[in-house]
Structures are given as structure tokens and as C-alpha cells.
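# Fold and contact review
This is what each chain is made of:
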Amino acid sequence: MDEIGKVVRNYVIREYLEEGDDREITETTPLISGGIVDSFSMVSLKRFLEKKYNIQIPDTDATPDAFDSVQRIVALVQRFQKPVTVGV
Amino acid sequence: MSNPALCEELATKSYEELAAGFDWSIAERELGYQPGGPLNIGWMCSDRICRLGLADKVALDWEDYQGNQRRFTFDDLRVLSNTVAQFLCQLGLQPGERVCLFMDRVPELYIGFLGILKTGAVAQPLFSAFGEESLLVRLQNAGTAAIFTQKKHVHKVRKIREQLPSLRDIIIVDAIETALQPREVKFQMEEAPRVKDFAVYPTTAESPSVLHYTSGTTGQPKGAQHVHYSIVSQYLTAKWVLDLHADDIYWCNADPGWVTGTSYGIIGPWSNGTTQVVLDSGFNAERWYEFIARRRVTVWYSAPTAIRLLMKEGTEIVRRHDLSSLRHLASVGEPLNAEAVIWSQQAFGRPFHDTFWQTETGCIVITNFPGMRIKPGSMGKPFPGITATLLNTRTYEPITQAGLAGLIALRPGWPSQVRSYWNNEAGFKAKFKNGWYLCGDRASIDSDGYFWFMGRDDDVINTGGHLVGPFEIESALLGHPAVYESAAVAKPDPVNMEVVKAFVTLKRGYEPSDDLELEIMNHIRKHLSPLAMPQEIEFVHSLPKTRSGKIVRRVLRCKEFNEPVGDLSTIMDD
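Keep in mind it's a predicted model, so treat the numbers as computed, not measured. (Residues numbered from 1 in each chain as written. Chains lettered and ligands numbered in written order. Predicted model: local features only at pLDDT ≥ 70, side-chain atom pairs only at ≥ 80, totals over all residues.)

### Some thoughts on the overall build of chain A
In terms of regular secondary structure, chain A is built from 3 helices and 0 strands. Whereas a compact globule of 88 residues would reach a radius of gyration of roughly 12 Å, chain A reaches 13 Å, a difference of no more than 12%. By principal-axis analysis of the C-alpha atoms, chain A measures approximately 55 × 25 × 20 Å. Split into buried and exposed, the 88 residues of chain A put 33% on the buried side. Partitioning the contacts of chain A with sequence separation of at least 6, the portion at a separation of at least 24 is 57%. (Helix = DSSP H or I, 4+ residues; strand = E, 2+ residues; numbered from the N terminus. Rg over C-alpha atoms; globule rule 2.2 N^0.38 Å. Buried ≥ 20, exposed ≤ 12 C-beta atoms within 10 Å, placed from the backbone. Contact = placed C-beta atoms within 7 Å.)

In C-alpha cells, the structure reads:
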């Protein structure tokens, strides 16, 4: 797991996993469909990512599917971290 | 001409014919209920269905996000709800006491609901995502005697149990290896000795059955007290509006922590002997479509928020699945916008039928009937047996002119009408004006008799189909060390219709920042629930107040909705 993945995973465990919930969170654990992060809580996770990585994730890209695992969240963050190249 | 896709009544009679000759005794007869005799929802949904020769029919096909599956016949419902009931009696539970169900959508929740009712106790379902403050308020108010929960949620009960002297038993349904603490007891439903015969407590029509908490503008949430007679409405509306047939596979997305999940996720389908499927999973379009296709779902009762999330995923994903089993679609929670109705026609070949009702009504009261012409964006017409009108906002007299806005009001007397608010008679009485029950919503009626939703008439926030009270949020906001004053209002949202927005003034020594905003958001999410979490926090220097110092949410809400604020003559500032 890369650095962003570790940060996201730790944040999910700390903020969203309930105290008695002993589920292991891996890169592919379903977060939204697994009921760990619901669609309302996704907003606070999005805010965290935007602040931590100084990015803006448009609402159209902040779908439950894009937030459904650590792996997908990492891909989302990396997509918006990349500089935009215009023309050649 | 009759339509073979519809049940007998709908196939042979128009809406007008059904409404004209309607009497709730239709449902009483079909349920075999003798007025004045015993009536128990737990028995009606299990033992009675077995006596009709459906003991071996599948009642519940359950699975979770990991693919774990469990299947129960109606005879399993009967025996396992007996097992739950006997277990509760052995704990010393008395009829009329409140038993909370605080679990994810696991089979123990659905079957436990019936078991509680069989003892004569009152079922009090609560959404498992509630934080300890939301839980505490509701358990304290109800004086709850016992709670069913899972080990993943029991820590929230442990945090508050010392403040709950009435709570005698904390029942953990999956505590195989969990060390028990004081007042805790293990109960594994399917491992317990099966109880084939249980003397169901002889509740009658007006015996309390279910206590659902709902939010209001002022004060803490109110416990809407329902009675066993509610099944008469829930049975018939499930049959006629959801159009449940003997061979249907029915899927209701709602969590039984909310009223849709009990009225139409338990009582409606099972009193009709209908097989239902449950997916204990969060939202995932691919998974949902795969589930419908594999389970061959025929009737789907969903919510506008979910439908709009599906719309965002497009129609290409729909075409990748065989959804040809779908026969009837319905929606509840908040108004279904016209675009969603039109989209569902394009995506699924049939429209979602919007239905309107609320915790207090216990059943669908205004609806788009199967077979009735749908006007996309309209709420439809009153269910037969429901007298609905609009009242003038000042005089509370019925409005007779088409197109004028007014308060949605219902003539009391339908079977599933709320009977009281728990320990809050004044709050209950305030819901009635001139002999009408006020729903708290505004609408207009067109010249064809269709109702058109316009908005709430109070400060309650309808987010994703759930009502959230501003007072509860504001109280929790004040529990954060940085918050000096707060106001919570609705903010328009394209998916959830409304979301919570909080306006906050800070104590000395605190400065607005992104970090603080996120911290406060998470504070509310953990203490109350994700639904109550403000999706936006605006730090302000002061809040609009009346001359007596009361915060005027209306000013803030109007700004969010770009609506005129109206008369500000009583506002102190500005």
C-alpha cells in the first residue's frame, strides 16, 4: 500500500469504523457498499482528502463508486493531483 | 378492460370506483380480523400465513455485501419469532414494555420485530448508524426495558447505559466470543432451541405495537405510538399501491430503523404472504442491479435519493443487467422529481410511482396508483379511505380552488394513524387543527385532483427521505468546545433534496478554519448520525434573532433557498 493508501486507510479506521467493529480494512475492502462509510459521511471524507492533498474533487466525480475502497480513493486523489496539460 | 398485471381490485375498477365504495373492512375481512377480537401483527405476519398453506414459502431471502446468505420460510418466521418471544418472556419482559431493535439489516432485526410483538411488548426500532446521543435521547424518552443489538454497536449502548436505569437487558445477537458486561446477555436466534408453539399475547386493535421516533422543529424527537390495528392499512396499501401478488419477489430498500422499513419492509409484505429479499449493503449501483437481476425482483420500493444516485451512474450500466423481472416500481421518502420519473421510464421501461406518507400516518396516504396516469413530479391522489385536503395557512380552512398552495391535512380515523406521541400529549395535540391532522408539508392540488408537493411548513430538514430536527443538531453542536451559538437549516441538494447546513459562531480563542469545520462535522456524525452531519458549516459573527433573543432559522433557510425572507420587523440585528 502506498503512502496515500496508508493515510486513507488510517483515517477510515480512526473516523468511520465503529469501536466494536473488528473488520480488517484492506485496499479493496468495500467501504460504501460494505456500510462502513455511508453516502452522507462521504462528504466528510471528501473534505479530508481535499484538505490533506490540496485538491478539489468535483461533485460529479465524488460518486459512491469512486469512494468504495481505499484503492479507488487513492486513484481519485492521484487523478486530481496530476497537473493538467493543455495542448502540446 | 382488465389488466392482468394488476391485482383483482385494481384490474377491474378505476381509482374513482375504488375510492367511492371504499371501506377499511375490506382489509379486515381479508386478514380474517373480527372487530373487537384479538389482533397481533406478529401472529398475522407469520402464524396466519402458515395457516393459509404458505408455511414452506420463502418469506425472507437475505444477503449482505460479502455475499453471505440466509433464507427463511414463513414457518421459520413463525417458529423463530416464537423463539424470540419466549426468550424475552424468560427475561421477565412485560406486555407494554418497550424493546429496542438497534441492529443492521440482519434477519434477527426482522424476525425479532415479530417476536417482540408476540409478547405484547412494543417494538422500538432505531437506525443502527445513530450515535450515542441520538440513542440516549430516544431510549430515555421511551423508558426502554431491553435492547437487541450486535457486538459492532454494543459499545454505543455501553457508553450510555448508566444513564438508562430502565434498561434491564442488553441482548447481543452475535456475541459468540464477546465478554459480557453488566446487564448483557447473549442470544443467537438460530442456535436457540426452536419454540414451535407459543401463546401469543392477546393484544387487540388498540394495543400499542411500534414506537418510531420522528423529528420536529422544536424539542427532542417525538415517539410516534402505533397500534396493532395499523396492519389493516399497511396490508391493503401494500397490496394495492405496491401491487403485491402471490408470486412476487419484493425488495424494499428501507432500513427498519425508519418507518418505511417496518410498515413496508416487514408488515406490508409479510401480511400479504409475499417473499421479500433484503440486501444488507450500502449503495452500489452495480451491486444493486446485479442483485435485482439475480434475485429476479419484481416489485421494487426505493427512495428518490437512491434513484438520483442511480441516475448519476447512467443507463449503460442498466443495459448490462437483465432487469426484465421488474414489474412495478415505487418510491418514498421525499418528492420524486419529474426527471427521475422520466429517467426510470427510459432506463427500466416503467416509471417509479411516487408515494407520500410519514411516520405518523403509518401507511401510504397519497399515491400514484398502479394503472393510474402518472403526472411526473406529482404526489398522485389520496388512497381510498384517506380524506386529504389543503388548509389555508392562517385560517386552517380547506382550500377549494385548484392550484393554490396550502397545508396538507388528513381527516383522522384511518387504521394506522399515530395514536399519540410518547410522553408528549401537548406535542401530539398541536398536530391537529379544526379536526384535521397536519402533515407539516405544503402542496397544491391541480384541477384533476393530483397533489403537488411544495415543501415543508416548518424547520424540519428532509435529507435523503429522513426528517432531521434542527434542535437536536444545534444541541449537539453546542457540545463541541469551539461552538458558542448555532443554527441548523436545510440547504437544497440535487441528490438528497435537502442537506443540513449549520451556521456557527465561535467562542473566544477559536478561529474559523477548514480543520475546525471538518472536526465539527465529524463531531455531529459520531454523536448523532451521518444524516444529521452538516454537509456545510458557515462560520458567522452573529445569528439573526428576535427581540427576545430566539434564533430565527427562517432567515437563514430563505437565503439558502433564494426565497424572500418576508417581514423582518421583529429581528434585532440589521
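### Observations concerning the interface of chain B and chain A
Contacts between the two partners involve 25 residues from chain B and, on the opposite side, 23 residues from chain A. Contributing elements (two or more residues each) for the side of chain B that touches chain A: helix 9 (154-160), helix 12 (285-295), helix 13 (304-313) and helix 18 (514-527) of chain B. At 5 residues, helix 18 of chain B tops the list of elements feeding residues into the side of chain B that touches chain A. For the side of chain B that touches chain A, the residue count by class is 11 nonpolar, 7 polar and 7 charged. (Nonpolar A, V, L, I, M, F, W, Y, C, P; charged D, E, K, R; others polar.)

### Looking at the packing of helix 2 (residues 42-53) of chain A against helix 18 of chain B
Orientation of helix 2 of chain A relative to helix 18 of chain B, taken along the N-to-C sense of each, is 160°, at an axis distance of 10 Å. The angle between helix 2 of chain A and helix 18 of chain B places the two elements in the roughly antiparallel class. For the pair helix 2 of chain A and helix 18 of chain B, the crossing hand works out as left-handed. On helix 18 of chain B, the residues that touch Ser44(A), Arg47(A), Phe48(A) and Lys51(A) of helix 2 of chain A are Asp514(B), Leu518(B), Met521(B), Asn522(B) and Arg525(B). Its residues assigned to classes, the contact of helix 2 of chain A with helix 18 of chain B shows 3 nonpolar, 2 polar and 4 charged. (Axes fitted to C-alpha atoms, helices over the stretch in contact; angles between N-to-C directions. Parallel < 35°, antiparallel > 145°, perpendicular 65-115°, else oblique. Left-handed = near helix turned anticlockwise from the far one by under 90°.)

### Some thoughts on unusual backbone geometry
Residue and element names in this part refer to chain B. Residue Tyr396 is not a glycine yet carries a positive backbone phi of 60°. With respect to the helices and strands, the residue Tyr396 is situated in the loop between strand 17 (388-391) and strand 18 (406-410). With 16 C-beta atoms packed within 10 Å, Tyr396 lands in the partly exposed category. Its identity as a non-glycine residue notwithstanding, Asn562 has a phi of 55°, on the positive side. Within the fold, Asn562 resides in the segment after helix 19 (553-561). Using a count of 7 C-beta atoms within 10 Å as the deciding quantity, one classes Asn562 as exposed.

### Comments concerning the sheet that holds strand 11 (residues 275-280) of chain B
Residue and element names in this part refer to chain B. What the 9 strands build is an open sheet, ordered 2-1-11-10-12-13-14-15-16; its pairing is mixed. A strand with exactly one partner marks an edge of an open sheet, and here the two such strands are strand 2 (69-73) and strand 16 (381-382). The pairing of strand 15 (residues 366-367) with strand 16 spans 2 bridges and is classified as antiparallel. Within the sheet, the bridge partner assigned to Ile366 lies in strand 16 and is Pro382. (Pairing = 2+ DSSP bridges.)

### A look at helix 7 (residues 107-118) of chain B
Residues and elements named next belong to chain B. Taking 1.5 Å per residue, 12 residues should reach 16 Å; helix 7 reaches 17 Å between its end C-alpha atoms and fits that length. The buried fraction of helix 7 amounts to 12 of the 12 residues, a majority that puts the element mostly inside the structure. Burial in helix 7 covers these residues: Pro107, Glu108, Leu109, Tyr110, Ile111, Gly112, Phe113, Leu114, Gly115, Ile116, Leu117 and Lys118. (Expected span 1.5 Å × (residues − 1).)

### Quick look at the environment of Leu60(B)
All names here are of chain B. Along the polypeptide, Leu60 turns up in strand 1 (residues 58-64). With 21 C-beta atoms counted inside 10 Å, the residue Leu60 sits in the buried group. Each C-alpha atom, one on Leu60 and one on Thr83, is 17 Å from the other, the two residues being 23 residues apart in sequence. Beyond its immediate chain neighbours, meaning those up to four positions away, Leu60 contacts Phe72, Pro107, Tyr110, Gln276 and Val278.

### Points about the pairing of strand 3 (residues 98-102) of chain B
All names here are of chain B. Here strand 3 lies mainly inside the structure; 5 of its 5 residues are buried. Between the parallel pair strand 3 and strand 4 (residues 122-125), the chain is carried across by helix 7, and the sense of this crossover is right-handed. In terms of strand pairing, strand 3 meets strand 5 (residues 146-149) through 4 bridges, oriented parallel. Its bridge partner lying in strand 5, Cys100 is registered against Ile147. (Right-handed = clockwise from strand over helix to strand, strands pointing away.)

### A word on the pairing of strand 22 (residues 451-456) of chain B
Residues and elements named next belong to chain B. One ladder, built from 5 bridges, connects strand 21 (residues 436-445) with strand 22; its direction is antiparallel. Residue pairing in the sheet places Ser444 in a bridge with Trp452 of strand 22. The turn joining strand 21 and strand 22, which pair antiparallel and follow one another in sequence, is formed by 5 residues; a positive phi near 90° is taken by Gly449.

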